[in-house]
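Residue-level structural notes
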Amino acid sequence: MINGLVRTLLVACWLSASHIALSADEPGCLDCHEDEAGSVVHNVYKTLHGNLDGGGASACTACHGTSAAHDRRGRREAPDISFGPKWLSPLEDRNGACQSCHDNGSQLLWAGSEHEQENMACTDCHDSHQLRDPALDELSAQNQCTNCHTQVKAQLHLPSRHPIAEGKTACTDCHNPHGSASDAALHQVTLNENCYSCHQEKRGPMLWEHEPVTEDCALCHKPHGSVHPGLLTARGPALCQQCHSAAFHPSVAYGAEGLPAGSSNRNLLGQNCMNCHSQVHGSNHPSGARLTR
Ligand code: HEC
Ligand code: HEC
Ligand code: HEC
Ligand code: HEC
Ligand code: HEC
Ligand code: HEC
Ligand code: HEC
Ligand code: HEC
Ligand code: HEC
Ligand code: HEC
């Protein structure tokens with residue numbers, strides 16, 4: 001009972017003391033960084049970040065540090081953490097400022113990710129002083145990505161493609177730009193799981209499975225775009241003959257000289273494998289063992 005009372009009193013004292021301390025220490029950022037026309041600084045109050053920690057100048061210190069050597073008249077030094085344009089803090093400090101709150105959720109695997117290894121800063125994509133952080137807008141985010149990933153950019157306009165440039169699928173539907181546990185920073189643990197997340201019907205299980213399909217969709221498909229229809233890595237029959245002997249079902253074109261040597265199976269010539277093996281992703285038909293139905 002007495003213990004409880006003492007504790008309540010102590011907590012009350014601590015609360016009021018820390019409150020006083022806070023207001024006495026309220027940094028003077030806003031004295032100089034005024035809300036004038038054209039200044040980007042105060043935009044932060046129109047975003048989520050500006051209203052954390054009670055708003056006011058305390059919101060500034062969450063990212064820039066208390067900055068005592070900067071927060072004064074006279075000879076002014078750099079803020080503790082600055083993202084430029086005048087003073088640029090070391091990369092670890094800049095990323096550390098964001099990671100002090102964002103080291104979880106989708107940012108959990110940032111350390112060790114390909115982008116981190118490439119010395120990228122959170123602020124290469126994010127800008128906390130814009131009314132709308134550009135990385136959170138799908139179209140401007142895609143432009144950021146393709147500014148660096150020019151090869152992918154070119155793939156987005158190939159004849160067969162995922163509708164990414166058309167805005168129906170976004171880079172971030174498949175990739176986590178902060179890194180993930182899988183290759184190519186996919187959201188899912190495997191490439192096939194990534195495909196299944198939108199193409200459920202391909203998941204199976206099938207009565208008759210086609211081994212490469214359950215193994216890795218990328219054995220036959222490109223993820224972004226392809227010159228071949230159906231996002232394929234090659235055209236049939238060449239696609240199939242990477243693994244299946246051409247001798248079994250020769251499918252070269254008829255030549256003027258008649259049938260090429262060894263092509264006993266005449267009815268297959270010149271045809272695409274999928275004309276007959278239409279169930280290339282697997283079959284549920286009792287007699288579909290050859291993926292023909
Ligand atoms: C006494 C006036 C004053 C106070 C107080 C002040 N600043 Fe500044 N600050 C400036 C001026 C002036 C500049 C522009 C410096 C320049 O370009 O030479 C600046 C620049 C900055 C920059 C940009 C740095 C860069 O690299 O370009 C940041 C960030 C910043 N201040 C944050 C803060 C924060 C956070 C506080 C409060 C903790 C604060 N300032 C308090 C005057 C002040
Ligand atoms: C969520 C983190 C965050 C908060 C909160 C924040 N800043 Fe910043 N600040 C940044 C980042 C990131 C940049 C670099 C923006 C860029 O990429 O152009 C920046 C840039 C600046 C600049 C330089 C702007 C320029 O381009 O000349 C100033 C000045 C500044 N901040 C002051 C402040 C002040 C004052 C506050 C409080 C009102 C504040 N910041 C709150 C992250 C933050
Ligand atoms: C003091 C803690 C804190 C710091 C420091 C901080 N954030 Fe945040 N941020 C939050 C919280 C809390 C949210 C809202 C919950 C969430 O989305 O995680 C948020 C949300 C966001 C969002 C989503 C905003 C939205 O409108 O949905 C982005 C993007 C973001 N932060 C980026 C950054 C970047 C980049 C930095 C460093 C320049 C940074 N944050 C620094 C606490 C912080
Ligand atoms: C290569 C660009 C890029 C970099 C670098 C980057 N981000 Fe992001 N970030 C994005 C994009 C794009 C989104 C939107 C994600 C979406 O729409 O699924 C995002 C979303 C977020 C969000 C809000 C929603 C969420 O997914 O949690 C936070 C918070 C965030 N990033 C923090 C960070 C932090 C902290 C860093 C640095 C450690 C960082 N980002 C580095 C591109 C980037
Ligand atoms: C400032 C340049 C830059 C920006 C912006 C950028 N990247 Fe990257 N990214 C790189 C570099 C460099 C690599 C490593 C080399 C490579 O694979 O091309 C990389 C690697 C990757 C990888 C391979 C990751 C792995 O683990 O193998 C993916 C996926 C990726 N980026 C997606 C994105 C997405 C999505 C965006 C936009 C949200 C984006 N990138 C924005 C430069 C950038
Ligand atoms: C439908 C899902 C999906 C979308 C959307 C997508 N990707 Fe990918 N991306 C993948 C897959 C899957 C891989 C891995 C390919 C492999 O390992 O064979 C990959 C690989 C990558 C790589 C690694 C290098 C390479 O080319 O193989 C980069 C970089 C990349 N993607 C960037 C992007 C960018 C930028 C966007 C948006 C313009 C984007 N991706 C949209 C699924 C996607
Ligand atoms: C975020 C959802 C999403 C993911 C993940 C996804 N796709 Fe798609 N895919 C689509 C959409 C949307 C279309 C276009 C459908 C349409 O136009 O009717 C499509 C179309 C296709 C097509 C047909 C293309 C054509 O030219 O006819 C193929 C093949 C394909 N996807 C394969 C894959 C593979 C392989 C993966 C895994 C690497 C994958 N998809 C992951 C959404 C997705
Ligand atoms: C052995 C090669 C091969 C593999 C492996 C493969 N596909 Fe396909 N896929 C094809 C061919 C060939 C077509 C074109 C069929 C046509 O033109 O009739 C196709 C077409 C598609 C289409 C568009 C038409 C449709 O059937 O919906 C999607 C979506 C698709 N594949 C998804 C996947 C997914 C997801 C995986 C992995 C689970 C996968 N594919 C693995 C060969 C393959
Ligand atoms: C990456 C290698 C690979 C590619 C590409 C591939 N297959 Fe297969 N396919 C296999 C394997 C492995 C089996 C299983 C063989 C076995 O069980 O003896 C198989 C089985 C088959 C079967 C059933 C045969 C049987 O004996 O049960 C048919 C039919 C078939 N594939 C047709 C195709 C067609 C058509 C294509 C092109 C669209 C194709 N395959 C592309 C590897 C491949
Ligand atoms: C005109 C229809 C047709 C075309 C075109 C065709 N196949 Fe077949 N394929 C069949 C039939 C029917 C069987 C079953 C034959 C049997 O069981 O003896 C078969 C069997 C197979 C088998 C199983 C072989 C085995 O050992 O049992 C494979 C693998 C195969 N085809 C691959 C291909 C490939 C690769 C192509 C394209 C180069 C192709 N087929 C084109 C009709 C066709």
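Every value quoted in this text rests on a predicted model; they were computed, and no experiment measured them.

1. Brief notes about the coordination of the iron atom of ligand 6
Here the iron atom of ligand 6 is held by His175 (NE2) and His224 (NE2), and the distances to it run 2.0 to 2.1 Å. The exposure class of His175 is partly exposed, given its relative accessible area of 27%. Of the residues examined, His224 reaches a relative accessible area of 18% and is grouped as buried.

2. Some thoughts on the pattern of salt bridges
For side chains bearing opposite charge, pairing can occur when the charged atoms are close. What the rule picks out here adds up to 5 salt bridges. For Arg72, the salt bridge is made with Glu77, and the minimal N-O distance between the two is 3.5 Å. Judged by its relative accessible area of 33%, Glu77 is partly exposed. With its nearest N and O atoms 3.1 Å apart, the salt bridge here joins Arg75 to Glu77. Counted as one network, the salt bridges with shared partners bring together Arg72, Arg75 and Glu77.

3. A closer look at the site of ligand 9
Taken together, 15 residues sit near ligand 9, with His210, Cys240, Cys243, His244 and Arg290 positioned nearest. Measuring from a nitrogen atom of ligand 9, one finds a side-chain N or O atom of His210 at 2.8 Å. Between ligand 9 and Arg290, the relevant distance is 3.2 Å, taken from an oxygen atom to a side-chain nitrogen or oxygen of the residue. Of all elements in the fold, only helix H10 (211–215) and helix H11 (238–241) reach the threshold of two or more residues within the shell around ligand 9. For the shell around ligand 9, the class distribution of residues is 10 nonpolar, 3 polar and 2 charged.

4. What about the confidence of the model for the chain?
In low-pLDDT regions, the fine details of the predicted coordinates are not to be read closely. Per-residue confidence for the chain averages 86 on the pLDDT scale, and 84% of its residues sit at or above 70. Contacts of residues 1–24 to residues separated by more than four positions or lying in other chains number 0 contacts, the stretch itself having pLDDT below 50.

5. What about the site of ligand 1?
Near ligand 1 lie 18 residues; those nearest to it are Cys29, Cys32, His33, His70 and Trp87. One nitrogen or oxygen atom from the side chain of Lys86 is found 2.8 Å from an oxygen atom belonging to ligand 1. Trp87 places a main-chain nitrogen or oxygen 2.6 Å from an oxygen atom of ligand 1. Only helix H2 (29–32) and helix H3 (58–64) provide two or more residues apiece to the shell around ligand 1. Split into classes, the residues belonging to the shell around ligand 1 amount to 7 nonpolar, 7 polar and 4 charged.

Parameters and conventions
Residues numbered from 1 in each chain as written. Chains lettered and ligands numbered in written order. Predicted model: local features only at pLDDT ≥ 70, side-chain atom pairs only at ≥ 80, totals over all residues. Heavy atoms only, no water. Donors = N, O, S within 2.8 Å, 3.2 Å for Na, K, Ca; no water. Buried < 20%, exposed > 50% of the residue type's maximum accessible area, 1.4 Å probe, protein only. Salt bridge = Lys/Arg side-chain N within 4 Å of Asp/Glu carboxyl O. Near = heavy atom within 4 Å. Polar contact = N/O pair within 3.5 Å; in protein donor to acceptor, adjacent residues only side chain to side chain. Helix = DSSP H or I, 4+ residues; strand = E, 2+ residues; numbered from the N terminus. Nonpolar A, V, L, I, M, F, W, Y, C, P; charged D, E, K, R; others polar. pLDDT = per-residue confidence, 0-100. Contact = heavy atoms within 4.5 Å.

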